[in-house]
Structure formats: structure tokens, C-alpha cells
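Letter by letter, the chains look like this.
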Amino acid sequence: MSSYAFYPAAYQSTKGSALDVDRDFYQALADGSRTLVSEHRVPIRTGFAWEVPAGHLFRITTPEGPQVGDLNIWNRHDPRERMWVSRTRQLQRAHLSTFDRLWSTLPFMRPLATITADTLADYGVDEHGGRVHDLMGTRCDPYVNKLLTGEDFDFHCHSNLTRAVQPYGLTEFDVHDVMNVFQCTGLNAEDRYFMKACPARKGDYLEFFAEIDLLCAISTCPGGDLSLAMWGDDAEDTLKVCRPLGIEIYKPDDALLAQWQPPVSPDYKGNHGMRLAEVDWAAEGSK
């Protein structure tokens, strides 16, 4: 491996900063007692939206085997605050796992959720440089599909997410770049994005802790486990490799949250250097 791979990251954690995650706290949540609040099965090629109260856990599961899911997250009370994939990629990494956090957009800039458990955490880096749970690509959508194939298809992840959040008063303008859950991706020798077959097995899960009240939505990708090409000369019908996803919401025991407080936004009041000029109203009135 070339030496550039070990060049230090730009955004460094300092003790006590928001990037200095209290691993003992989140590990205790993962290991501790909890009560199942609700569970849902998300059928193939559909979207599903759900609410998660602050201080609760939620899992995305593979109840029948490998399947990719495209995840969006918003502040339940203000959808202008939503998951910011590019900043999360900078602050955390391009592929997420246990103890990584999903950060929100400006001017809010705080963790929305923290990953507490990942049954694929040991996947590591494969022989092609592939890793799981990526922030590198975004959702498939009907516009690119039309561009590449000339065909209309209403069940891409963008469309699935759009339908899922419509009952909450949101539209496709609110759907944003996703976390690709259970997806194996990387960059090839030409620095181009690739997707590989999903390595998840039946019963795998990725678990999150809701730092604030959340609205979440997921699409069961129409590419299924991505073991078949969706575009190009080798494209196949991927319906045969599509499977459902599961959603589980848990309430941890109150004792586990005794010292926890929801995160707050940075206290920036600089107004970006802009100031209103003082007006001499007496002089204005005498004109």
C-alpha cells in the first residue's frame, strides 16, 4: 500500500470535543437492557418512514438475507435540519461503523444519531478495497435511469423515499444524500465509484442511538443485494435478488441515560461578518 494512505485526517478529535465519543456510554447502550417499542417489515422496492424519540435506539435489519437500504434522517420538528453526508464523511469517514456519528446540516451542526452496534463491523477492507455502510454514493433515481436507459422506472430509492415521507408533508426536495446501509463500495484504480454484492447475512443489523427526535426513512433498493449489474451491457433484472428490510425501535432502560443530554448546536452568533449600518432616524425625518 502506498504511503499516502496513512496521511493524517484533516479533522482531528481533541479530548472533550464533539468528535471525542464516549465509547463506554454507547457500548453500555448496546449491551444494556431495553424494551422493544415497535418493529416493521419494509417490502422490496418500497420506502418506509418512522419516528424515533430522542434517547431511543433503532435497528435496520436483514430478516431474509442480503439487501441494501438507502437511509435519510431529519430533525422530526424541523426538516431543514437533516443528515449532512459530505460533512459526516469529513468528520467521521467514508464508511461508517460502531461509534461513528451522523451529523446535521448548517447552521445546526450537531450529531443526529450515533451508531451503537454493527454486525458487519469485522468486514474491514476486502481485496478490491470495498467496505460497507458507505457515504460515498447517493441514491439511485429515475432521472439518471432515464438518462442511461431511456426508460421510466418509479421504484428507485429516490422515488421510494419521496413516497415514504409524503405523509409527513415532505417532498422530493427534502430527500437528500443517503447513507447506503449494508452496501459494499469503494473507488477503483480509475478513482471511480464501484458497488459490490452486499455481504450481509440473514439477521445482520446496524443499530443507532437517536440523539434528538428523528424522522427516518429507508428505501429497500431495487438493486436488491447488488450482486447483479443494474446498468450497462451486463445489466440484468434484479428483482430476483431483492429482499425486505426490518426496522426495530427500542427504549433503553432509564438508568442508562441518567447522565445523557441531547447535543446542542455550536453557539455561533457572528452573522457571517455582516452588520446593519446604524441609521440616524432624526436626520432621516428632517429630509
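As the structure is a computational prediction, the values presented were derived from the model and not from experiment.

Caption draft 1: Up close: the overall build of the chain. What the chain contains, in helices and strands, is 5 helices and 13 strands. Projected onto the principal axes, the alpha-carbon positions of the chain cover approximately 80 × 50 × 50 Å. When the 287 residues of the chain are sorted by exposure, 47% land in the buried category. Relative to all contacts within the chain whose residues are 6 or more apart in sequence, the contacts with residues 24 or more apart total 75%. For the chain, the accessible area works out to roughly 15,500 Å², and carbon and sulfur atoms hold 52% of it. In the chain, 28 side chains carry a positive charge and 41 a negative one; their mean positions are 2 Å apart.

Caption draft 2: Region of the structure containing the packing of aromatic side chains. For the structure shown, the criterion picks out 8 aromatic pairs. Arranged with centres 4.8 Å apart and planes meeting at 75°, the rings of Phe25 and Tyr26 form a pair that is edge-to-face. Here Phe25 and Tyr26 have matching classes, each one buried. An aromatic cluster is present here, built from Phe25, Tyr26, Phe209 and Trp260 joined pairwise through their rings. Lying over the aromatic face of Tyr205, Arg59 brings its terminal NZ or CZ to 3.7 Å of the ring centre.

Caption draft 3: Highlighting helix α1 (residues 23-31). Within the span of α1, buried status applies to Phe25, Tyr26, Leu29 and Ala30. The buried residues of α1 all sit within an arc of 135° when viewed along its axis, so they share a single face. Counted as exposed and oriented over 90 degrees from the buried face of α1: Arg23, Asp24 and Asp31. Here the buried face of α1 lies against β1 (34-42), β3 (57-61), β6 (101-103), β7 (111-118), β11 (205-210) and β13 (245-252).

Caption draft 4: Seen up close, the sheet that holds β13. An order of β1-β13-β3-β11-β7-β6 is seen for the 6 strands of this open sheet, with the pairing classed as antiparallel. Of all the strands in the sheet, just β1 and β6 have a single pairing partner and so form its edges. Sheet twist, expressed as the mean angle between neighbouring strand axes with direction ignored, is 25°. Sheet topology places β7 next to β11; 5 bridges connect them, and they run antiparallel. When the sheet's bridge partners are listed, Thr114 is paired in β11 with Phe209.

Caption draft 5: Broad picture of the pairing of β11. Of all the 6 residues making up β11, 5 are buried; the element is thus mostly covered by neighbouring parts of the structure. Relative to β11, β3 is paired through 5 bridges, and the arrangement is antiparallel. Counterpart to Phe58 in the pairing with β11 is Phe208.

Caption draft 6: Spatial organisation of the environment of Pro199. One can find Pro199 in the loop between β10 (193-196) and β11. By relative accessible area, Pro199 is classed as partly exposed at 22%. For the pair Pro199 and Ala18, spaced 181 residues apart in sequence, the C-alpha separation works out to 31 Å. Beyond its immediate sequence surroundings of up to four residues, Pro199 is in contact with Leu120, Tyr123, Val132, Phe182 and Cys184.

Caption draft 7: Just unusual backbone geometry, in detail. Note the cis peptide between Leu106 and Pro107, where omega equals 5°. Here Pro107 lies in the loop between β6 and β7. With a phi angle near 60°, His133 is a residue other than glycine that sits in the positive phi range. Looking at the element boundaries, His133 is found in strand β8 (residues 131-134). Here Phe182, not a glycine, exhibits a phi torsion of approximately 70°, which is positive.

Caption draft 8: Spatial organisation of helix α3 (residues 142-149). The N-capping residue of α3, defined by a side-chain oxygen 2.8 Å from the backbone nitrogen of Tyr143, is Asp141. Note on α3: the residue one or two positions beyond its end, Gly150, has a positive phi of about 80°.

Caption draft 9: Summary view of the nonpolar core. Judged by nonpolar contacts, the single largest core of 38 residues is most densely connected at Trp50, Leu71, Met179, Phe182, Phe208 and Leu214. Those elements that place two or more of their residues in this core are β2 (47-52), β3, β4 (69-75), β7, β9 (179-187), β11, β12 (214-220) and β13. Sequence-distant contacts of Leu71, that is, excluding residues within four places in its chain, are made with Trp50, Ile60, Met83, Val178, Met179, Val181, Phe208, Cys216, Ala217 and Ile218.

Conventions and cut-offs
- Residues numbered from 1 in each chain as written.
- Predicted model: local features only at pLDDT ≥ 70, side-chain atom pairs only at ≥ 80, totals over all residues.
- Heavy atoms only, no water.
- Helix = DSSP H or I, 4+ residues; strand = E, 2+ residues; numbered from the N terminus.
- Buried < 20%, exposed > 50% of the residue type's maximum accessible area, 1.4 Å probe, protein only.
- Contact = heavy atoms within 4.5 Å.
- Areas by Shrake-Rupley, 256 points an atom, 1.4 Å probe, with all protein chains shown as cover.
- Lys, Arg positive; Asp, Glu negative; His and termini not counted.
- Charge placed at Lys NZ, Arg CZ, Asp CG, Glu CD.
- Phe/Tyr/Trp six-rings, centres within 6.5 Å; stacked < 30°, edge-to-face > 60°.
- Lys NZ or Arg CZ within 6 Å of the ring centre and 35° of its normal.
- Arc of directions from axis to C-beta.
- Pairing = 2+ DSSP bridges.
- Axes fitted to C-alpha atoms, helices over the stretch in contact; angles between N-to-C directions.
- Polar contact = N/O pair within 3.5 Å; in protein donor to acceptor, adjacent residues only side chain to side chain.
- Core = buried A, V, L, I, M, F, W, Y, C linked by side-chain atoms within 4.5 Å.

Keep in mind that these numbers describe shape and distance, not what the molecule does.
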